[in-house]
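Okay, here's what each chain looks like letter by letter:
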Amino acid sequence: MNDWSIATKDPVLVTGATGYVAGWIVKYLLEAGVTVHAAVRDAHNKDKLRHLDDLAASSPGTIKYFEADLLKPGSYGAAMQGCRIVFHTASPFKITVEDPQRDLVTPALEGTRNVLKQASATETVERVVLTSSCAAIYTDAIECQNAPGGRLTEVIWNTTASLEYQPYSYSKTVAEKAAWDIAEAQHQWRLVAINPSLVLGPAIGGKPTSESFSLIRQMGDGTMRFGAPNAGIGVVDVRDVARAHIAAAFNPDAQGRHILSGHNTSFLEIAQSLQPRFGDRYKLPKRALPKRLLWLLAPLAGFPRAYVERNIDVEWHADNTKSIHALGVNYRPLQQSSEDMFEQMIEAGLLPDR
Ligand code: NAP
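This text gives an overview of the structure that appears in the document. (Residues numbered from 1 in each chain as written. Predicted model: local features only at pLDDT ≥ 70, side-chain atom pairs only at ≥ 80, totals over all residues. Heavy atoms only, no water.)

**Some remarks on the pairing of strand E5 (residues 127-131)**
Within a regular beta strand, the side chains point alternately toward one face of the sheet and then the other, so they alternate between its two faces. Buried residues dominate E5, accounting for 5 of its 5 residues. Residues Arg127, Val129 and Thr131 point to one face of E5 and Val128 and Leu130 to the other, with burial holding for every one of them. Between the parallel elements strand E4 (residues 85-88) and E5, the chain passes through helix H4 (residues 100-121) in a crossover that is right-handed. Where E5 lies against strand E6 (residues 190-196), 5 bridges are found, and the strand directions are parallel. The partner of valine 128 across the bridge, within E6, is leucine 191. (Buried < 20%, exposed > 50% of the residue type's maximum accessible area, 1.4 Å probe, protein only. Helix = DSSP H or I, 4+ residues; strand = E, 2+ residues; numbered from the N terminus. Right-handed = clockwise from strand over helix to strand, strands pointing away. Pairing = 2+ DSSP bridges.)

**Things to note about the sheet that holds E5**
Strand pairing in a sheet relies on backbone hydrogen bonds. The paired strands run either parallel or antiparallel. Read from one edge of the open sheet, 7 strands run E3-E2-E1-E4-E5-E6-E9, paired in parallel fashion. Of all strands in the sheet, those with a lone pairing partner are strand E3 (62-67) and strand E9 (256-260), marking the two edges. Between one strand axis and the next, the sheet turns through 20° on average, direction left out of account. Of the strand pairs in this sheet, E4 and E5 are connected by 4 bridges, and their pairing is parallel. Counted as the bridge partner of valine 86 is valine 128 from E5. Each of strand E2 (35-40) and E3 touches helix H2 (residues 46-57); the most contacted strand, E3, lies at about 150° to it. (Axes fitted to C-alpha atoms, helices over the stretch in contact; angles between N-to-C directions. Contact = heavy atoms within 4.5 Å.)

**Describing the packing of aromatic side chains**
One pair of aromatic rings is described through two measures. These are the centre distance and the angle between the planes. Tallied over the entire structure, the rule returns 8 aromatic pairs. Taking the centre distance of 6.5 Å and the plane angle of 75° together, the rings of phenylalanine 278 and tyrosine 282 count as edge-to-face. Using a relative accessible area of 3% as the deciding quantity, one classes tyrosine 282 as buried. Where phenylalanine 278 meets phenylalanine 342, the ring centres are 4.4 Å apart and the plane angle is 45°; that geometry is what we call tilted. With phenylalanine 278 in helix H9 (residues 267-278) and phenylalanine 342 in helix H13 (residues 334-347), this residue pair connects regions lying 64 residues apart in the sequence. (Phe/Tyr/Trp six-rings, centres within 6.5 Å; stacked < 30°, edge-to-face > 60°.)

**Side note on the site of the ligand**
Around the ligand lies a shell of 27 residues, among which Thr18, Lys48, Tyr168, Lys172 and Ser210 are the nearest. One nitrogen or oxygen atom from the main chain of glycine 19 is found 3.2 Å from an oxygen atom belonging to the ligand. Between the ligand and valine 199 there is a distance of 2.8 Å, counted from an oxygen atom to a backbone nitrogen or oxygen. Considering the ligand on its own, with 890 Å² of exposed area, one finds that the protein chains cover 93% of that surface. Elements represented by at least two residues in the shell around the ligand include exactly helix H1 (20-32), helix H6 (167-184) and strand E7 (198-200). In terms of residue class, the shell around the ligand is made up of 11 nonpolar, 12 polar and 4 charged. (Near = heavy atom within 4 Å. Polar contact = N/O pair within 3.5 Å; in protein donor to acceptor, adjacent residues only side chain to side chain. Areas by Shrake-Rupley, 256 points an atom, 1.4 Å probe, with all protein chains shown as cover. Nonpolar A, V, L, I, M, F, W, Y, C, P; charged D, E, K, R; others polar.)

**Focus: the pattern of salt bridges**
Pairing is possible between side chains that carry opposite charge, provided their charged atoms lie close to one another. Applying the stated rule across the entire model yields 17 salt bridges. The closest approach of N and O atoms between aspartate 240 and arginine 332, which form a salt bridge, is 3.3 Å. Residue aspartate 240 is located in helix H8 (residues 238-250), and its partner arginine 332 is located in the loop between helix H12 (321-327) and H13; the two are separated by 92 residues in the primary sequence. For aspartate 240, a relative accessible area of 5% translates into the label buried. Residue classification places arginine 332 among the partly exposed positions, given a relative accessible area of 22%. Ionic pairing is found between glutamate 343 and arginine 277, a salt bridge with its closest N-O pair at 2.4 Å. (Salt bridge = Lys/Arg side-chain N within 4 Å of Asp/Glu carboxyl O.)

**Some thoughts on the packing of H9 against H13**
Two numbers describe how H9 lies on H13: the axes approach to 9 Å, and their chain directions differ by 65°. Here H13 runs roughly perpendicular to H9, going by the angle between their axes. As for the relative orientation of H9 and H13, their crossing is right-handed in sense. Contact residues: H9 offers Glu269, Ile270, Ser273, Leu274, Pro276, Arg277 and Phe278, while H13 offers Leu334, Gln335, Ser338, Glu339, Phe342, Glu343 and Ile346. Each residue belonging to the contact of H9 with H13 can be placed in one class, and the counts come to 7 nonpolar, 3 polar and 4 charged. (Parallel < 35°, antiparallel > 145°, perpendicular 65-115°, else oblique. Left-handed = near helix turned anticlockwise from the far one by under 90°.)

Structure below.
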C-alpha cells in the first residue's frame, strides 16, 4: 500500500486549479517538488491565482498556468503536453442554478469528454484521476437503506437524479459514466475515480466558490439560528480528499472508484461540532428543525418536498474501507474539519469576526 512515492520528473496537470479541492492537491504536489501545469479559466486574473503563486514561492515545486475551458474542445492540449498524470477536478459545484443543463450538466459532461479525449491524444499520459462524487452513487440518504448491508459502496450508481431533481448529482453521474466509457475504450491510460461525500475543511486561499462554504456560512451567519435540518450526509476533510487524489495518481496499484467519506453524519451534527469553540460568539443551530415544518416550508425555501421526505431524519451510511486500504487514507475527526473551516472563513471575511 505504501510502496510508492510522488514522482517529480514529469509535469502534472491539474484542471480547475483555482478550486477548493484542487488547491490542496496543488499544494501537496508543489511541496513534493512537482511542476504543476495549472489549467485555469483566466490566467490573467492575478487575484484568483495569488494563493497559488504564494504556495509555489514557498515550495520546491513550480507552477505554470494554462488557459483552458471545459467547453472549448482541444483547450487542454497545451496544458497536458509532457504530463504522465492528469487530475481532472474542474466541474461546477452549485446547488442552485438557473439552467441545470447549461450550468451543470453540459460543463461536467462535455468537460470530462474534452479532457479525457485529450488524454488519449497526448501520448505521455498514463493515468487520469477524476474527481467524481458520492453524488454519482446516490441522490437521497434513504437510498442507503436499500444498499447491501445498508451502506453505499463503489459498485452502486446513482439512478435517481435527473435534470429536474438534484441536477448536480445528475451532472456528476453522467460525467463519471462518460469517463469510464472513454477509459474502457482505450489502453493507454488508467482511470482512477475519487468519490468524495460533502467536503469540509479550510480553503488554502482565494475566494471560495464551492458550495461547501454556503452550508457552513448559513450555520454561522444566523440563517440557521432556529435549528438545522437533521439530514443524513457523509463528510470528509478537504486535506484527506487531496491526499487520496495524490495516492490515486502515484500508487501503481490504484484502480476503480473510491468512496472518500470520513463520517456518517448529518447537517445537525456538523453544526453541533462547532458549538464548543464558537457557540458563545455565533448563533449556531442547536436543535433539529422538525421534519413537518421543513416539509411545509420547502417550496418557499426553494427545495423539493421529496428532498425532505427522503433525507430528513434519515441516516446516511457509506463504506469507506477501500479508501483506507487502497489509498492509505487516515480520516481526520469531523470536529477538526468544521472548526478549521469556520476559523478560516472568519479570517477570510466570509463570516463576521465576533
Ligand atoms: P470549486 O472550488 O467551485 O471548484 C470548481 C472548479 O471548476 C473551479 O476551479 C472552476 O474554475 C472550475 N470550472 C467550473 N466551470 C469551468 C469551466 N467551464 N471551464 C473550466 N473550469 C471550470 O468546487 P470544489 O468543491 O473544489 O469542486 C471540485 C470538484 O470536486 C468538482 O468536480 C466537484 O464536483 C467535486 N466534489 C466536490 C465536493 C464538495 O463537497 N466540495 C464533494 C464531492 C465532489 P473557476 O475558478 O474559473 O470558476
